[in-house]
Amino acid sequence: MNDGRVIRVGGIDFATRAVHAVFLSGPAGAPTDIPIVEHVHLALGEAGLAELVDLCAEVSHVGIDAPDRQTGGCPLPGVRPARCAEVALAATNHGLEERILGGPLSMLTPSQGAPFPVRLAWMKAGFDLWGLLRSKCPSVEFFETWPSGSFTRLARLARPPVALAARSTATGVAERAALLDPLVHRPPFLAMWGLDGIDALLAALAAYRVAVGHGFVVAGHSHRASDGSSITLIT
């Protein structure tokens, strides 16, 4: 049952030209409870980032669609150079009983000391955003999420399963918006938000699931040499 508490969370999609953020509120209680969209924010420039910091400071959890830092990479043998969380979304027999549905990722975070491809330069800006938010909002739980993987999970677990069109197409955006219908009180014209806005909403849903304590899965390794990375997907 709903215990009367209200949970407020956020989700961030880090795009190359702007940071998209969605903030949800909802009850802390039964798995059937679903949140509502309380606020959306498009952060452009320093002023936009300052407002984003203020918004994040008012919530308990924030899911971010970007890695927080480089690591030395997963130390397990026989895997591509990648963080432990990224390996967990791509591999089996590396500390996991089975591959986690949702992967693999197409863009792996370069290991420390490795060349940093130009196409991944957005990650460096993402590292800076993580640092800013952590320094300004020390009481907030920030974690990495991956909306694309969560949509893959939702599509494959749907009955009947959904064969998603490409993320870059209008059809693909509309299909992903439709998958969110049972999970959130859907705002009007959601498909017109575009992919970045919908990804930010999915990141916020991951934060809501973490806050209420159910409906999510964490990709990562628990071995002693783990690099500490993890990626949270919704179920």
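Residues numbered from 1 in each chain as written. Predicted model: local features only at pLDDT ≥ 70, side-chain atom pairs only at ≥ 80, totals over all residues. Heavy atoms only, no water.

**So, the environment of aspartate 13**
For step 1, the next point in the chain: Locating aspartate 13 in the fold gives a position in strand β1 (residues 6-14).
For step 2, the next point in the chain: According to the relative accessible area criterion, aspartate 13 is buried, its value standing at 4%.
For step 3, the next point in the chain: Those residues in contact with aspartate 13, other than ones at most four positions away along the chain, are Ala18, Val19, His20, Asp65, Asp196, Asp199 and Ala200. (Helix = DSSP H or I, 4+ residues; strand = E, 2+ residues; numbered from the N terminus. Buried < 20%, exposed > 50% of the residue type's maximum accessible area, 1.4 Å probe, protein only. Contact = heavy atoms within 4.5 Å.)

**Observations concerning the packing of aromatic side chains**
Aromatic rings considered in pairs are described by the distance between their centres and by the relative angle of their planes.
For step 1, the next point in the chain: Following the criterion strictly, the structure yields one aromatic pair and no others.
For step 2, the next point in the chain: Between phenylalanine 116 and phenylalanine 127, the ring centres sit 6.4 Å apart and the planes meet at 80°, which makes this aromatic pair edge-to-face. Here phenylalanine 127 lies in helix α3 (residues 121-136) and phenylalanine 116 lies in the loop between α2 (84-88) and α3, a separation of 11 residues in the sequence.
For step 3, the next point in the chain: For the cation-ring pair, lysine 124 lies above phenylalanine 116, with the distance from its terminal atom to the ring centre recorded as 4.7 Å. (Phe/Tyr/Trp six-rings, centres within 6.5 Å; stacked < 30°, edge-to-face > 60°. Lys NZ or Arg CZ within 6 Å of the ring centre and 35° of its normal.)

**Some words on the packing of helix α4 (residues 147-157) against helix α6 (residues 195-212)**
The geometry of a pair of packed helices is captured by two quantities: the angle between their axes and the separation between those axes.
For step 1, the next point in the chain: Close contact between α4 and α6 brings their axes to 9 Å; oriented N to C, the two are set at 80°. In this view, α4 runs roughly perpendicular relative to α6, as classed from their interaxial angle. From α4, Pro147, Ser150, Phe151 and Leu154 reach across to α6, where they touch Ile198, Asp199, Leu202 and Ala203. (Axes fitted to C-alpha atoms, helices over the stretch in contact; angles between N-to-C directions. Parallel < 35°, antiparallel > 145°, perpendicular 65-115°, else oblique.)

**Looking at the side chain of histidine 41**
For step 1, the next point in the chain: As for its position among the elements, histidine 41 is in strand β3 (residues 36-43).
For step 2, the next point in the chain: Within the local environment of histidine 41, its side chain forms a polar contact with the backbone oxygen of glycine 48, the two atoms lying 3.0 Å apart.
For step 3, the next point in the chain: Leave out the neighbours within four places in its chain, and histidine 41 touches Val19, His20, Ala21, Gly48, Glu51, Leu52 and Leu55. (Polar contact = N/O pair within 3.5 Å; in protein donor to acceptor, adjacent residues only side chain to side chain.)

**Some thoughts on the nonpolar core**
For step 1, the next point in the chain: With 29 residues, the main nonpolar core has Leu24, Leu154 and Leu180 as its most contacted residues.
For step 2, the next point in the chain: When residues of this core are traced back to their parent elements, those giving at least two are β1, β2 (19-27), α4, α5 (170-179) and α6.
For step 3, the next point in the chain: Among the elements that take part in this core, α6 stands out by supplying 12 residues, more than any other.
For step 4, the next point in the chain: Every residue in contact with leucine 154, bar those within four places of it in the chain, is listed here: Leu179, Leu180, Leu183, Leu202, Ile234 and Thr235.
For step 5, the next point in the chain: Residues Ile12, Phe14, Ala66 and Leu133 belong to the second largest nonpolar core, which totals 25 residues. (Core = buried A, V, L, I, M, F, W, Y, C linked by side-chain atoms within 4.5 Å.)

**A few points about unusual backbone geometry**
With glycine set apart, most residues show a phi of negative sign, and most peptide bonds adopt trans.
For step 1, the next point in the chain: Of the consecutive residues arginine 159 and proline 160, the connecting peptide bond is found in the cis state with omega at 0°.
For step 2, the next point in the chain: Structurally, the position occupied by proline 160 is in the loop between α4 and α5.
For step 3, the next point in the chain: A positive phi angle is found at phenylalanine 189, which is not glycine, with a value near 60°.
For step 4, the next point in the chain: One can find phenylalanine 189 in the loop between α5 and α6.

**Brief notes about the pairing of strand β7 (residues 231-234)**
Working note: regular strand, side chains alternate between the two faces of the sheet.
For step 1, the next point in the chain: The two faces of β7 match: Ile231 and Leu233 on one face and Thr232 and Ile234 on the other face are all buried.
For step 2, the next point in the chain: In terms of strand pairing, strand β6 (residues 216-219) meets β7 through four bridges, oriented antiparallel. When the sheet's bridge partners are listed, valine 218 is paired in β7 with threonine 232. (Pairing = 2+ DSSP bridges.)

**Comments concerning the pattern of salt bridges**
For step 1, the next point in the chain: For the coordinates displayed, the defined rule picks out seven salt bridges.
For step 2, the next point in the chain: Two residues, arginine 167 and aspartate 199, come together in a salt bridge whose shortest N-O distance is 2.8 Å. Taken together, the positions of arginine 167 in the loop between α4 and α5 and aspartate 199 in helix α6 put the pair 32 residues apart, joining distant regions of the chain.
For step 3, the next point in the chain: You can call arginine 167 partly exposed: its relative accessible area is 27%. (Salt bridge = Lys/Arg side-chain N within 4 Å of Asp/Glu carboxyl O.)

**Re α3**
For step 1, the next point in the chain: Here α3 spans 24 Å end to end across 16 residues, near enough to the 22 Å set by a 1.5 Å rise per residue.
For step 2, the next point in the chain: Taken residue by residue, α3 has Trp122, Met123, Gly126, Phe127, Leu129, Trp130 and Leu133 as its buried positions. Each buried residue of α3 sits inside an arc of 165° when the element is viewed along its axis, so together they form one side. Residues of α3 that are exposed and point over 90 degrees away from its buried face: Asp128, Ser135 and Lys136.
For step 3, the next point in the chain: Of the surrounding secondary structure, the elements contacted by the buried residues of α3 are β1, β2, α1 (45-56), β4 (61-65) and β5 (141-144). (Expected span 1.5 Å × (residues − 1). Arc of directions from axis to C-beta.)

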